[in-house]
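# Structural description and commentary
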Amino acid sequence: MNIPTVFWLVPIASLVALGMAWFFFRSMMKADEGTPRMKEIALYVRKGAMAYLKQQYKVVIYVFIALAALFAFMAYGLGVQNPWVPFAFLTGGFFSGLAGFFGMKTATYASARTANAARKSLDGGLTIAFRSGAVMGLTVVGLGLLDIAIWFIVLSFFYHGDKMALITITTTMLTFGMGASTQALFARVGGGIYSKAADVGADIVGQVEADIPEDDPRNPATSADNVGDNVGDVAGMGADLYESYCGSILSTAALGATAFAMMPEMQLKAVIAPMLIAAVGVFLSIFGIYLVRTKEGAGMKDLLRSLSLGTNVSAVLIAVASFAILYLLGIENWLGLSFSVITGLAAGVIIGQATEYYTSHSYKPTQRISEAGLTGSATVIIKGIGTGMISTCIPVVTIGVAIMLSYLCANGFNMEMSADALSHGLYGIGIAAVGMLSTLGITLATDAYGPIADNAGGNAEMSELGEEVRHRTDALDALGNTTAATGKGFAIGSAALTALALLASYIEEVKIAMERAGTTLTNLKGEVINAADATIPDFMNFFQVNLMNPRVLVGAFIGAMAAFLFCGLTMEAVGRAAQKMVEEVRRQFREIPGILQGTGTPDYGSCVEISTRAAQHEMIFPSILAIVIPIIVGCILGVAGVLGLLVGGLAGGFTLAVFMANAGGAWDNAKKNIEEGAFGGKGSFAHKATIVGDTVGDPFKDTSGPSLNILIKLMSMVSIVMAGLTVAFV
């Protein structure tokens, strides 16, 4: 198999992305960090974040060594696994962790510089924060494409001349997605527990009990809170979307290898098409980043419009570019596949807009939660839960429509469940996921911008920069809350499409496992055939994957339950850690003289230590559970049970994740709305009620909710990697 010249655009795009990330980082570093006090606070946060990440990576390394050893035993001992899998798994985890590390390093340097720029103008603060967020976005897409390109080149060399080369290469590459997913889950869960333990503790004792402002330097939990924003919302989100990005490209490439298996010339084009769309998306993301600017005195809608200009222009341009890419490749049904890409892009935009509507305090749903604060915290919580539940409607319907449209556009609107129509339609769903994530460079920039702006506000408050500067950083922070909520909705939506593509990829991995074991099966015509010659409908019939099979139903129930179990465990983890934080802050207020008068110095280090220990301890069990459940289900219920598990986990997890992310975002911005003067303003009865709502929403939106989209994909990835074991057991 000769690699076509056009493929080299992929590694070139990855290097351009990494080069621009370095350029934005250097530009940010040249900006003034501000007063000595601002530098001191930023340094403390930076040291705390790096110390936590170092500890987290130590724990993750032990898990990776154990899993790599298991995969090596499966590959070299049992012979039920591809020999490249242990290495692919390790590189996926390494690059995912590296993306999170670079993003967090940038964020910890950018926050004080953003606050200092906000002393002069709103646009200055927005530009530094957003372009620092772009470092995260461009690093993720750059490292993702680099990992994909290297593995494609290496495996093409070793499998050159093999008649099933592309199917073997793409399914093998899929397994590095499990490494990325495993690292992402630890980063998300650990970072979320760390961040929210500090945030909840700081708010309850500081704002509600002691009646001091948010981010007040007298509150010993504020530094831990600022550290947590970086380890959870930057490092965690970066690792999360790294595996979504790679997963969508790799699963689509695997589906393309299968859909066009009988057409070798077309097969290679179908494999590299998603890589090329992602590569072009890098250049268009960079163009969109330069479009983001605003004016002094801009309101929330003006700021949102500034960010939307960059993301929407990039989305429109990639839609046009997709037509050109697929046409020039000469891929079969290029026009239909181009519309599948547009379907994915449109779904991402709609989910983002719906999330903005339900979480921004510029709109009625969040304003009504603020109004509920007039009657107490209970009504705030009730209203927020109701708003979150209602908000699931638009994303679920949007994903449903996107799935059907992308499927039909790709197979010529053929509703028959024939093998050809099914494989081409599933390829369309995969390429829709690639379309949704193709402009991730700028989409993730809007997300990573949020915690940078939040930390800038904390730095401004703790450095006592004055009311005008704090007003600007509050505006940037409120915008960050909305972009973070939008980013979470986008991540969850992309996870749904990617997970569906991974479902089909699981069947391909089962096929290879059966072929490796020399297993035959009976096809729909009753003929005994080799696994290599079987179609997806043949497998569905052979394993009895239908709703009357109790294995499928039991698997679906377990999948839905896994989402709730995972959320329950992570919510309780935050609750336990927050209790310790509250007790520590109360103790310091009680025992250290002069803290509340501003003459005593809080012990910030003890709060950082509480969050660090809690995160390290509490993240292990939920994360291991996500890996173990698919293995147990596969060994007991077989392939049919695993498919049921993945469907149940996808349906339950997607809906629950949207609910939690949107409810949490709405509670947060309801508080911000009152702090800007609505319903009595800061210190009012309504304000205290919305602070309680915000503390409930913190683990919703920053721990449990966003971790679910990783859970969905990780269960799929584990199932794919363990397909050989499942086939051997059943």
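Details of the structure are given in the entry above.
None of these values were measured; they are calculated from a predicted model.

Looking only at helices and strands, one finds 22 helices and two strands in the protein chain. Here the C-alpha radius of gyration of the protein chain, 25 Å, is about what a compact globule of 730 residues would show, namely 27 Å. Along the first, second and third principal axes, the C-alpha atoms of the protein chain reach 85 × 50 × 40 Å. Within the protein chain, buried positions represent 67% of all 730 residues.

Now for helix H8 (residues 264-289). Taking 1.5 Å per residue as the helical rise, H8 with its 26 residues ought to reach 38 Å, and the 39 Å between its terminal C-alpha atoms agrees with that figure. Here H8 lies mainly inside the structure; 21 of its 26 residues are buried.

In terms of nonpolar packing, the biggest core is built from 237 residues, with Phe152 and Met178 touching the most fellow members. The leading source of residues in this core is helix H20 (residues 620-675), at 23 residues. Not counting the four nearest positions on each side in its chain, Met178 is found in contact with Leu67, Phe71, Phe89, Ile627, Leu714, Met717, Val718 and Val721. Grouped together as the second largest cluster of nonpolar side chains are seven residues, Ala115, Ala118, Ala456 and Ala460 included.

All right, on to the side chain of Thr387 then. Along the chain, Thr387 falls in helix H12 (residues 377-390). Discounting chain neighbours no more than four positions away, the residues touching Thr387 are Tyr358, Pro365 and Ile369.

The full count for this structure, using the stated rule, is 22 aromatic pairs. Seen in terms of ring centroids, Phe539 and Phe543 are 6.3 Å apart; in terms of plane orientation they differ by 10°. Their pairing is stacked. Accessibility assignment for this pair places Phe539 and Phe543 in one class, buried. Connected via pairs of aromatic rings, a cluster forms that spans Trp84, Trp151, Phe157 and Phe158. Cation over ring: Arg46 sits above Tyr109, and NZ or CZ is 4.0 Å from the ring centre.

The full count for this structure, using the stated rule, is 19 salt bridges. Glu33 is the partner of Arg46 in a salt bridge, and the nearest nitrogen-oxygen pair spans 3.7 Å. Here Arg46 is found in helix H2 (residues 36-78), whereas its partner Glu33 is found in the loop between helix H1 (9-30) and H2, with 13 residues between them in sequence. Classification of Arg46 as buried rests on a relative accessible area of 11%. A relative accessible area of 11% means that Glu33 is categorised as buried. If you follow the salt bridges from partner to partner, you end up with Lys196, Asp199, Asp668, Lys672, Asp698, Lys701 and Asp702 in one network.

In this structure, Phe323 sits in helix H9 (residues 300-329). If sequence neighbours within four positions are ignored, Phe323 has contacts with Trp334, Leu335, Ser338, Phe339 and Ile342.

This part takes up unusual backbone geometry. Even without glycine at this site, Asn333 takes up a positive phi of about 55°. Structurally, the position occupied by Asn333 is in the loop between H9 and helix H10 (334-359). You will see that Gln544, though not glycine, has its phi angle at about 55°, which is positive. Of note, Gln544 is situated in the loop between helix H17 (536-542) and helix H18 (550-591).

This part covers the side chain of Glu509. Within the element layout of this structure, Glu509 appears in helix H16 (residues 467-517). Aside from chain neighbours lying at most four places away, what touches Glu509 is Gln81, Thr171, Ile720 and Ala723.

A separate point is helix H15 (residues 440-462). In a regular helix each residue adds 1.5 Å, so 23 residues correspond to 33 Å; H15 covers 33 Å between its end C-alpha atoms and thus fits that length. Once H15 finishes, Glu464 follows within two positions and takes phi at roughly 55°, a positive value.

This part is about a nonpolar patch on the surface. On the surface, a cluster of nonpolar side chains totalling about 390 Å² of accessible area is made up of Ile620, Ile624, Val628, Ile632 and Ile636. Residue position: Ile632 is located in helix H20. Ile632 gets classed as partly exposed once you look at its relative accessible area, which sits at 45%.

Looking now at the packing of H2 against helix H19 (residues 604-618). Between H2 and H19, whose axes approach to 10 Å, the crossing angle comes to 25°. Classified by the angle their axes make, H2 and H19 are roughly parallel. The handedness of the crossing between H2 and H19 comes out as right-handed. Contacts between H2 and H19 involve Arg37, Tyr44, Tyr52, Gln55, Gln56 and Val59 on the former and, on the latter, Tyr604, Gly605, Val608, Thr612, Ala615 and Gln616.

Take the environment of Trp22 next. Here Trp22 is to be found in helix H1. Between the C-alpha atoms of Trp22 and Leu138, which are 116 residues apart in sequence, the distance is 9.2 Å.

This part takes up the packing of helix H7 (residues 222-259) against H8. For the pair H7 and H8, the least separation of the axes is 6 Å and the interaxial angle reads 155°. Judged on the interaxial angle alone, H8 and H7 are roughly antiparallel. For the crossing formed where H7 meets H8, the hand is right-handed. Between H7 and H8, the contacting residues are Tyr245, Ile249, Thr252, Ala253, Gly256 and Ala257 on the first element and Gln267, Ala270, Val271, Pro274, Met275, Ala278 and Val282 on the second. When grouped by side-chain class, the residues that make up the contact of H7 with H8 number 10 nonpolar, three polar and no charged.

Further remarks concern the environment of Phe260. Relative to the helices and strands, Phe260 is located in the loop between H7 and H8. For Phe260, a relative accessible area of 1% gives the class buried. With residues up to four places along the chain from it excluded, the contact list for Phe260 reads Met266, Gln267, Ala270, Glu332, His424 and Tyr427.

What counts and how
Residues numbered from 1 in each chain as written. Predicted model: local features only at pLDDT ≥ 70, side-chain atom pairs only at ≥ 80, totals over all residues. Heavy atoms only, no water. Helix = DSSP H or I, 4+ residues; strand = E, 2+ residues; numbered from the N terminus. Rg over C-alpha atoms; globule rule 2.2 N^0.38 Å. Buried < 20%, exposed > 50% of the residue type's maximum accessible area, 1.4 Å probe, protein only. Expected span 1.5 Å × (residues − 1). Core = buried A, V, L, I, M, F, W, Y, C linked by side-chain atoms within 4.5 Å. Contact = heavy atoms within 4.5 Å. Phe/Tyr/Trp six-rings, centres within 6.5 Å; stacked < 30°, edge-to-face > 60°. Lys NZ or Arg CZ within 6 Å of the ring centre and 35° of its normal. Salt bridge = Lys/Arg side-chain N within 4 Å of Asp/Glu carboxyl O. Patch = residues over 30% accessible without salt bridge, like charges linked within 9 Å, V, L, I, M, F, W, Y side chains within 5 Å. Areas by Shrake-Rupley, 256 points an atom, 1.4 Å probe, with all protein chains shown as cover. Axes fitted to C-alpha atoms, helices over the stretch in contact; angles between N-to-C directions. Parallel < 35°, antiparallel > 145°, perpendicular 65-115°, else oblique. Left-handed = near helix turned anticlockwise from the far one by under 90°. Nonpolar A, V, L, I, M, F, W, Y, C, P; charged D, E, K, R; others polar.

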